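So you can see what is in the structure, the chains are spelled out below.
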Amino acid sequence: NAGVTQTPKFQVLKTGQSMTLQCAQDMNHEYMSWYRQDPGMGLRLIHYSVGAGITDQGEVPNGYNVSRSTTEDFPLRLLSAAPSQTSVYFCASSYSYRGPYNEQFFGPGTRLTVL
Amino acid sequence: AQSVTQLGSHVSVSEGALVLLRCNYSSSVPPYLFWYVQYPNQGLQLLLKYTSAATLVKGINGFEAEFKKSETSFHLTKPSAHMSDAAEYFCAVIFIIQGAQKLVFGQGTRLTINP
């Protein structure tokens, strides 16, 4: 199993540009999520999905969109990039969000810089 | 509001010394608690997980954590630090918010090992 994969690893954008961060998992996990990591703030939840076709907002959703058309993929879209979105983005997945098999597996991250 | 607090953003110990990383959480007893480790430029890796089966949880790489309900704590320890333990460590707790499980992270503690 490849686990959770993310592309690209690095990205530089100009203010106002849009882009999609890709995330895929091959573990048939029900739950997928996106976090951003900023110094001194831990990881903050952006959006999450409990299954194909079902998404919901996390703690910091503004400026981001998600969709989940398949179990495997959970892309994160930046609609109009802003310097405040400079961060490291992690995608994670878990087998379940309701029971004991809920430990999350993380991808390697995407380091995004918005100029 | 549910929160997770890690005391000390930086901890420095000598090689061979005891490692103690502190984590406290708010609210009533949460169902699940985790410790994750992040090595430089990598994603998060699960160290250990508490699921109420036992208050002392053993994880990978010689780490363990003890759940103390009366102190609302879940501190991480390792008897003898190794240079390879240098990393950032995150405590995370699943809270039940509006009927759904939500994973909340602490701010992280960067562990430095001195030779």
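All values reported here derive from a predicted model rather than from experimental measurement.

How each quantity is defined
- Residues numbered from 1 in each chain as written.
- Chains lettered and ligands numbered in written order.
- Predicted model: local features only at pLDDT ≥ 70, side-chain atom pairs only at ≥ 80, totals over all residues.
- Heavy atoms only, no water.
- Pairing = 2+ DSSP bridges.
- Helix = DSSP H or I, 4+ residues; strand = E, 2+ residues; numbered from the N terminus.
- Axes fitted to C-alpha atoms, helices over the stretch in contact; angles between N-to-C directions.
- Buried < 20%, exposed > 50% of the residue type's maximum accessible area, 1.4 Å probe, protein only.
- Polar contact = N/O pair within 3.5 Å; in protein donor to acceptor, adjacent residues only side chain to side chain.
- Contact = heavy atoms within 4.5 Å.
- Buried area = accessible area lost by both parts, 1.4 Å probe.
- Salt bridge = Lys/Arg side-chain N within 4 Å of Asp/Glu carboxyl O.
- Disulfide = S-S within 2.5 Å.
- pLDDT = per-residue confidence, 0-100.

All names here are of chain B. Strands sit in the order β1-β3-β8-β7-β6 across an open sheet of five strands; the sheet is antiparallel. In this open sheet, the two strands that pair with only one neighbour each are β1 (4-7) and β6 (56-58). The sheet shows a mean angle of 20° between the axes of neighbouring strands, direction not considered. Here strand β7 (residues 64-68) pairs with strand β8 (residues 73-78) via five bridges, running antiparallel. When the sheet's bridge partners are listed, Glu-64 is paired in β8 with Thr-77.

This part is about the side chain of Ser-93 of chain A. Residue and element names in this part refer to chain A. Looking at where Ser-93 falls in the secondary structure, it is placed in strand β9 (residues 87-94). For Ser-93, a relative accessible area of 0% corresponds to the buried category. At a separation of 2.7 Å, a polar atom in the side chain of Ser-93 contacts the side chain of His-29.

Turning our attention to unusual backbone geometry. All names here are of chain A. The omega angle of the peptide bond from Thr-7 to Pro-8 is -5°, so this bond is cis rather than trans. The topology assignment puts Pro-8 in the loop between β1 (4-7) and β2 (10-13). Positive phi is not limited to glycine here, since Asn-28 has a value of about 60°. Note on Asn-28: relative accessible area 58%, which makes it exposed.

Another point: the interface of chain A and chain B. Each partner contributes residues to the interface: chain A has 20 residues there, and chain B has 19 residues. At the boundary of chain A with chain B, total buried surface from both sides reaches about 1500 Å², with 52% on carbon and sulfur atoms. Three residues stand out in chain A for area buried against chain B, namely Leu-43, Asn-102 and Phe-106 of chain A, and they jointly supply 29% of the buried area on that side. Here chain A and chain B share one salt bridge between them. Between Lys-49 of chain B and Glu-103 of chain A there is a salt bridge, with the nearest N and O atoms lying 2.6 Å from each other.

Next up on the list: the pairing of strand β6 (residues 54-57) of chain A. All names here are of chain A. Pairing analysis gives three bridges linking strand β5 (residues 43-51) to β6, with the strands arranged antiparallel. Along β6, the bridge assignment pairs Gly-51 with Ile-54. With antiparallel pairing between neighbouring strands as the criterion, β5 and β6 make up a hairpin whose turn holds two residues, including Gly-53 at a positive phi of roughly 85°.

Turning next to the state of the cysteines. All names here are of chain B. A full pass over the atoms with the stated rule returns two disulfides over all chains. Each sulfur of the disulfide joining Cys-23 and Cys-91 lies 2.0 Å from the other. Between Cys-23 and Cys-91, the S-S torsion sits near -65°, and that sign places the bridge as left-handed. Taken together, the positions of Cys-23 in strand β3 (residues 19-25) and Cys-91 in strand β9 (residues 87-97) put the pair 68 residues apart, joining distant regions of the chain.

Backbone hydrogen bonds hold the strands of a sheet together, and the pairing may be parallel or antiparallel. All names here are of chain A. Within the open sheet, the four strands sit side by side as β1-β3-β8-β7. Their pairing is antiparallel. One side of each edge strand has no neighbouring strand; the edge strands of this open sheet are β1 and β7 (64-66). Neighbour to neighbour, the strand axes of the sheet diverge by 20° on average, direction disregarded. Sheet analysis places β7 next to strand β8 (residues 76-78), joined by three bridges and oriented antiparallel. Note that in β8 the partner of Tyr-64 across the bridge is Leu-78.

Once that is clear, we can look at the confidence of the model for chain B. When the pLDDT values of chain B are averaged, the result is 91; 97% of them are 70 or greater. No element of chain B has a lower mean pLDDT than strand β10 (residues 100-105) of chain B, which averages 81, and none a higher one than strand β2 (residues 10-14) of chain B, which averages 97.

With that settled, consider the pattern of salt bridges. If you walk through the whole model with that rule in mind, you get six salt bridges over all chains. The closest approach of N and O atoms between Glu-64 of chain B and Lys-58 of chain B, which form a salt bridge, is 2.8 Å. Its relative accessible area of 22% is what places Glu-64 of chain B among the partly exposed residues. Between Arg-110 of chain B and Glu-88 of chain B there is a salt bridge, with the nearest N and O atoms lying 3.0 Å from each other. Taken as a pair, Arg-110 of chain B in strand β11 (residues 109-114) and Glu-88 of chain B in strand β9 lie far apart in primary sequence, 22 residues in all. The class of Glu-88 of chain B is buried, set by a relative accessible area of 14%. A single salt-bridge network, built from bridges that share partners, covers Arg-36, Asp-38 and Arg-44 of chain A.

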